Amino acid sequence: MVKVIMGLKGSGKTKQLIETINETVRQDHGSVVCIEKGNALKYDVNYRCRLINAGEYELFGYTFLKGFICGLHAGNFDITNIFIDSFYKIIAEPTPEKTDEFLTWCEEFGKVNNMNFTISLSQAPETATETIKKYM
């Protein structure tokens, strides 16, 4: 399953993401991972969620991020949920087409590996593509 949390800066996306992460950690028995740019969530999410600062790994694009996620899974088959905060800050040059492809890839990868993805996008909801709307 893929879920997109979308809104402009200041619309409450991060707060919603934090609440979802903490609820998932409480209810789920698998590993929970959150990929973010920086360390902003360090004190807000449950300590059992593995926080990863994407800035430390130079994730420059969609292909790098896919490979990174595959590597996380290869190292830990117990990951049930991956959260990505501020997706467009992690991806150097985001495009609607590539974002659509990435979300579709996440859905396929998640089905095969029994994994859920929640991704926050800083974008006005009315500008969402049909693919993004499918996951909102």
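Residues numbered from 1 in each chain as written. Predicted model: local features only at pLDDT ≥ 70, side-chain atom pairs only at ≥ 80, totals over all residues. Heavy atoms only, no water.

**Focus: the overall build of the protein**
Quick note on the threshold: Secondary structure elements are defined from DSSP: runs of H or I of at least 4 residues count as helices, runs of E of at least 2 residues count as strands, and each element is numbered from the N terminus. C-alpha atoms define the radius of gyration in this analysis, and the globule rule sets the expected value at 2.2 Å times the number of residues to the power 0.38. Each residue is assigned to one of three classes by its accessible area relative to the maximum for its type, calculated with a 1.4 Å probe on protein chains only: buried under 20%, partly exposed between the two thresholds, exposed over 50%. Note on contacts: a residue pair is in contact if any heavy atoms of the two residues lie within 4.5 Å.
Looking only at helices and strands, the protein features five helices and five strands. Taking 136 residues into account, the globule formula puts the C-alpha radius of gyration at 14 Å, and the protein, at 14 Å, falls close to it. Reported as C-alpha extents along the three principal axes, the dimensions of the protein are approximately 35 × 30 × 30 Å. Per-residue burial for the protein yields a buried fraction of 48% across its 136 residues. When contacts within the protein are restricted to residue pairs at least 6 apart in sequence, those whose partners lie at least 24 apart make up 67%.

**Topic: helix H4 (residues 96-113)**
Under the convention used in this document: Here the expected length of a helix is defined as 1.5 Å per residue gap, with one fewer gap than residues.
Taking 1.5 Å of rise per residue, the 18 residues of H4 would be expected to cover 26 Å, and the 25 Å separating its terminal C-alpha atoms lies within 8% of that figure. If you follow the buried residues of H4, they end up packed against strand S1 (2-7), helix H2 (62-75), strand S4 (79-84), helix H3 (87-90), strand S5 (116-122) and helix H5 (130-135). Asn114 sits one or two positions beyond H4 and adopts a positive phi of about 55 degrees.

**As for the nonpolar core**
Selection criterion: For our purposes a nonpolar core is just a set of buried Ala, Val, Leu, Ile, Met, Phe, Trp, Tyr and Cys residues, chained together by side-chain atoms within 4.5 Å.
Counting residues in each nonpolar core, the largest one holds 31 residues, and the members touching the most others are Ile35, Leu65, Ile69, Ile82, Ile84, Phe87 and Phe102. Counting only elements with at least two residues in this core, the list comes to S1, strand S2 (31-36), H2, S4, H3, H4, S5 and H5. Other than its neighbours up to four places away in sequence, Phe87 contacts Tyr62, Leu65, Thr99, Phe102, Ile119, Ser120 and Leu121. Counting 11 residues, the second-largest nonpolar core is a separate cluster that includes Val25, Val32, Leu41 and Cys49.

**Thoughts on the environment of Leu121**
Summarising the element assignment, Leu121 is placed in strand S5. Between the C-alpha atoms of Leu121 and Glu19, which are 102 residues apart in sequence, the distance is 16 Å. In this structure, Leu121 is in contact with Val4, Ile5, Met6, Gly7, Lys13, Phe87, Tyr88 and Ile132, ignoring residues within four places of it in sequence.

**Re the sheet that holds S1**
Here is the rule we go by: What makes two strands pair is DSSP finding at least two bridges between them. Axes here refer to lines fitted to C-alpha atoms; in helices the fit is confined to the stretch in contact. Angles between the N-to-C directions go from 0 to 180 degrees.
Read across the open sheet, the five strands follow the order S1-S5-S4-S2-S3; overall the sheet is parallel. The open sheet is flanked by S1 and strand S3 (49-53), the only strands paired with a single partner. Strand-to-strand, the axes of this sheet are offset by a mean angle of 15 degrees, without reference to chain direction. When S4 meets S5, the two strands line up parallel, connected through four bridges. Within the sheet, the bridge partner assigned to Ile82 lies in S5 and is Phe117. Sheet strands touched by helix H1 (residues 13-27): S1, S2, S3, S4 and S5. Its angle to S1, the strand with the most contacts, is close to 150 degrees.

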